[in-house]
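Here is how the chains run, residue by residue.
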Amino acid sequence: MTHFNDIGIDGKTDWRRIKKLLLIGFFAGFIVLLGDMLLGWGTAVSGTAGLEANYSKYIGVSDIRIFWSALLGTIGIPLECMSWFGIYRLMAERSPRHAHAYRAGILGCMLFGVSVHVNCCTAVFYYNRMNGFSPNTALADMGQFAGYFLLPSTILFAIFFLTAIGVQLNAFVKGKTPYPKWCWIFTLLFGVAVIIICKFIGDYPLTNALATGWISLGNIWMSGGLLVMMPKVQLEIKPK
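Criteria and thresholds
- Residues numbered from 1 in each chain as written.
- Predicted model: local features only at pLDDT ≥ 70, side-chain atom pairs only at ≥ 80, totals over all residues.
- Heavy atoms only, no water.
- Helix = DSSP H or I, 4+ residues; strand = E, 2+ residues; numbered from the N terminus.
- Buried < 20%, exposed > 50% of the residue type's maximum accessible area, 1.4 Å probe, protein only.
- Contact = heavy atoms within 4.5 Å.
- Areas by Shrake-Rupley, 256 points an atom, 1.4 Å probe, with all protein chains shown as cover.
- Lys, Arg positive; Asp, Glu negative; His and termini not counted.
- Charge placed at Lys NZ, Arg CZ, Asp CG, Glu CD.
- Core = buried A, V, L, I, M, F, W, Y, C linked by side-chain atoms within 4.5 Å.
- Phe/Tyr/Trp six-rings, centres within 6.5 Å; stacked < 30°, edge-to-face > 60°.
- Salt bridge = Lys/Arg side-chain N within 4 Å of Asp/Glu carboxyl O.
- pLDDT = per-residue confidence, 0-100.
- Expected span 1.5 Å × (residues − 1).
- Bend = angle between axes of the 7 residues up to and from the residue.
- Patch = residues over 30% accessible without salt bridge, like charges linked within 9 Å, V, L, I, M, F, W, Y side chains within 5 Å.

J.: Account for the overall build of the protein chain, naming residues and giving values.
T.: Counting its secondary structure elements, the protein chain contains 9 helices and 2 strands. When the helices and strands of the protein chain are placed in sequence order, the string is β-β-α-α-α-α-α-α-α-α-α. C-alpha extents for the protein chain along the principal axes are approximately 70 × 35 × 30 Å. Residue burial in the protein chain is summarised as follows: out of 240 residues, 45% are buried. Considering only intrachain contacts with a sequence separation of at least 6, the fraction spanning at least 24 residues in the protein chain is 76%. Here the protein chain displays about 12300 Å² of accessible surface, and carbon together with sulfur accounts for 70% of that area. Across the protein chain, the 19 positively charged side chains and the 11 negatively charged ones have centroids separated by 12 Å.

As structure tokens, this is what we get:
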């Protein structure tokens, strides 16, 4: 019997809708990346090390940059998460079990992603204010602030984020999508490679800004790669 379901009509993969979602994610990634780079563009203060060096990168960040970073993230992050339903649809026809687990990851990231981003922006704002009032205690104050407000949402976000990544990798490697198994490389974990490369290059405004935007860069890589491969995949699975 013909019916509508959550992956298209008659249980068939809706490629047009998947393409639209991936395009949304691709462009949303640039929105978030811009916000991340506005926040992360800076270098560590000379003579600092460890956490102090990491936090000191943000001392030169102006209030207006913090505002725009928070706003762009608030707009772009939900769009990024929504676009992952395109990947959900790739799994749904061949493995509803993977699709349902992936959907849980999406919803959790959508729920906590903006909170983490805005709290990061708030932490930078707070650290800069405290550094102006009391430089000797700013680091300790920042740690306390992060523990109370940033850490809880970050832990919850990480659980759902890692769930989504793990399920996606498993689905692609096991052939639970129409894509070739090697397309597992189109994953958000690409952003981790960006962090490693940037840390290797050194402490520069550009490398620090790109490292700050590792998730959005991973999203651009993931969405862009799947979009590039889509015509070939559709051609290969087309009935002859």
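J.: An account of the nonpolar core is requested, with residue identities and associated values reported.
T.: Core analysis: the largest hydrophobic core is formed by 38 residues, its most contacted members being W84, I87, Y102, Y179 and L226. Elements with a contribution of two residues or more to this core: helix 1 (15-40), helix 3 (63-83), helix 4 (85-92), helix 5 (96-133), helix 6 (138-173) and helix 9 (214-237). Residue contacts for Y179: discarding those within four places in its chain leaves W15, L90, F172, L226, M229, M230 and V233. Grouped together as the second largest cluster of nonpolar side chains are 8 residues, V194, C198, A209 and L217 included.

J.: How would you explain the packing of aromatic side chains if you had to name every residue and give the values?
T.: As enumerated under the stated definition, the model contains 16 aromatic pairs in all. Relative to F149, the ring of Y148 lies with its centre 6.3 Å away and its plane at 90 degrees, an arrangement referred to as edge-to-face. For Y148, a relative accessible area of 55% translates into the label exposed. Considering the side-chain rings of F161 and W214, the 5.9 Å spacing of their centres and the 90 degrees angle between planes classify their relative orientation as edge-to-face. Of this pair, F161 sits in helix 6 while W214 sits in helix 9; the two residues are 53 residues apart in sequence, bridging distant segments of the chain. Given a relative accessible area of 5%, F161 falls into the buried group. The structure contains a cluster of three or more aromatic residues connected by ring pairs, namely Y126, F145, Y148 and F149.

J.: Can you tell me about the side chain of Q168, naming the residues and giving the values?
T.: Along the chain, the position of Q168 falls in helix 6. Residue contacts for Q168: discarding those within four places in its chain leaves I87, M91, Y102, F186, T187 and M222.

J.: Account for the pattern of salt bridges, with residues named and values stated.
T.: Evaluation of the coordinates by the stated rule reveals 2 salt bridges. For D14, the salt bridge is made with R17, and the minimal N-O distance between the two is 3.6 Å. With relative accessibility at 41%, the residue R17 sits in the partly exposed group. A salt bridge links D63 to R129, with the shortest nitrogen-to-oxygen separation between them at 2.7 Å. Highlighted residues: D63 in helix 3 and R129 in helix 5, separated in sequence by 66 residues. The class for D63 is partly exposed, based on a relative accessible area of 36%. Its relative accessible area of 34% is what places R129 among the partly exposed residues.

J.: Please set out the confidence of the model for the protein chain residue by residue, giving values where relevant.
T.: Regions with low pLDDT carry predicted coordinates that are not meant to be interpreted in detail. With 94% of its residues at a pLDDT of 70 or more, the protein chain has an overall mean of 91. A low-confidence stretch, residues 1-11 (pLDDT under 50), is modelled with 20 contacts involving residues beyond four sequence positions or located in other chains.

J.: Quick rundown of helix 5? Include the residues and the values.
T.: In this model, helix 5 (38 residues) spans 55 Å end to end at C-alpha, consistent with the 56 Å of a helix rising 1.5 Å per residue. Residue F112 marks the point of greatest curvature in helix 5, where the axis turns by about 35 degrees.

J.: Summarise a nonpolar patch on the surface; cite the residues concerned and give the values.
T.: Residues V173, W182, W184, I185, F190 and W221 make up a contiguous nonpolar surface patch of roughly 540 Å² in combined accessible area. Note on placement: I185 falls in the loop between helix 6 and helix 7 (190-201). Residue I185 is classed as partly exposed on the basis of its relative accessible area of 31%.

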